[in-house]
Amino acid sequence: MAKIEYTYLQDLDRGELLSILNKDKIREHLVAHGLFNEQSLAEWVASKVSVDSTNGCKVRGIRVNGAVAGWCGIQFENESYELAIVLNETYWGVGIGVFKDMMVWASELGHSHVVLHLFNTRPEYKFLTKMASRVYESVMFGQKYTSYELRVLFVHSLRSLLHKNPLQPLRK
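Let me sum up the structure you'll find in this document. Think of each chain on its own: its residues are numbered from 1, step by step along the sequence as written. Only residues with pLDDT of at least 70 are given local features in this predicted model, and only at 80 or more are side-chain atom pairs given and counted; all residues enter the totals for whole chains, interfaces and linings. The side-chain quantities take in all heavy atoms of the structure and omit both hydrogens and water.

**Considering helix H3 (residues 38-52)**
(1) Moving on: For H3, which comprises 15 residues, the first-to-last C-alpha distance of 21 Å matches the rise-based estimate of 21 Å (1.5 Å per residue) to within 8%.
(2) Moving on: Of all the residues in H3, the buried ones are Leu41, Trp44, Val45, Lys48, Val51 and Asp52. Along the long axis of H3, the arc covered by the buried residues comes to 110 degrees, so they all point the same way.
(3) Moving on: Looking at the buried positions of H3, the neighbouring elements they touch are helix H1 (14-21), strand E2 (58-64) and strand E3 (67-77).
(4) Moving on: The opening residue of H3 is Asn37, an N-cap whose side-chain oxygen sits 3.0 Å from the backbone nitrogen of Gln39. The helix and strand labels rest on DSSP assignments: H or I over at least four residues marks a helix, E over at least two residues marks a strand, and numbering proceeds from the N terminus. Expected helix span is taken as 1.5 Å per residue step, with the number of steps being one fewer than the number of residues. Residue exposure (1.4 Å probe, protein chains only): buried if accessible area is under 20% of the type maximum, exposed if over 50%, otherwise partly exposed. As used here, the arc belongs to the directions running from the helix axis to the C-beta atoms. By definition, residues are in contact when any of their heavy atoms lie within 4.5 Å. Counting of polar contacts relies on pairs of N or O atoms within 3.5 Å, with two restrictions inside protein: one atom must be capable of donating a hydrogen and the other of accepting it, and residues adjacent in sequence are counted only when both atoms are side-chain atoms.

What follows is the structure, encoded as structure tokens:
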């Protein structure tokens, strides 16, 4: 079983993070932006460290079995707290575990709702639709998304619910 660990984003190996964020397969699922170099990555990490220090937000680097796997965060964007999960494709299978952990963080941070934006080219995820109080199309930075407004449960209820129901994507 994969061991997921969270660390401060600035503590991840920059070379490994740079490699992940510049992969074409990863970039297909991100807001369009230029390739990172060492300087732009340092600026981006500094901006995420600033987000992490903001009330209601949490940004972390992700390691799986000790290897740099990506990053995740709860950040305030577009008038709501949103979830962001970026994983190296090798570790896409741990995304559900990261999502579960982030929903617990959202509860601990006192949020009643958070939003997850997925490119509208992605399949519909049945578990997200069930959890969502609202599913809608949104446009940000010139790109279309399916946005899931997710109810945040109390931590003890959330842990029970998420561990009883496997989260399976609905294939179209």
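**Quick notes on the sheet that holds E3**
(1) Moving on: Pairing between two strands is assigned when DSSP locates at least 2 bridges connecting them. Read from one edge of the open sheet, seven strands run E1-E2-E3-E4-E5-E7-E6, paired in mixed fashion. Pairing within the sheet leaves two strands with one partner each, and these edge strands are strand E1 (4-7) and strand E6 (132-140). If you compare each strand with its neighbour and ignore which way they point, the axes differ by 30 degrees on average.
(2) Moving on: Two strands pair when backbone bridges link them, and E2 and E3 are joined in this way by seven bridges, in the antiparallel orientation. Bridging from a neighbouring strand, Val64 pairs with Ala67 of E3.
(3) Moving on: Orientation is described by lines fitted to C-alpha atoms, with helices fitted over the stretch in contact, and by angles between N-to-C directions that extend from 0 to 180 degrees. Contacts from H1 reach E3 and strand E4 (80-87), with the element oriented near 70 degrees to E3.

**Details of the pairing of E4**
(1) Moving on: Across the eight residues of E4, six count as buried, placing the element largely inside the fold.
(2) Moving on: The turn linking E3 back onto E4 is made up of two residues, and Asn78 within it adopts a positive phi angle of 50 degrees.
(3) Moving on: Looking at chain direction, E4 and strand E5 (residues 113-119) are connected through two bridges and run parallel. Note on E5: the bridge partner recorded for Glu82 is Val115.
(4) Moving on: Orienting the strands away from the viewer, one traces the path from the first strand over the helix to the second; a clockwise path indicates a right-handed crossover. Handedness of the β-α-β unit built from E4, helix H4 (residues 95-108) and E5 comes out right-handed.

**Details of the environment of Leu18**
(1) Moving on: Among the secondary structure elements, Leu18 is positioned in helix H1.
(2) Moving on: Look at Leu18 and you get buried, because its relative accessible area is 19%.
(3) Moving on: Separated by 18 residues in the primary sequence, Leu18 and Phe36 have C-alpha atoms spaced 6.7 Å apart.
(4) Moving on: In this structure Leu18 touches Phe36, Asn37 and Leu41, once residues within four positions along its chain are discounted.

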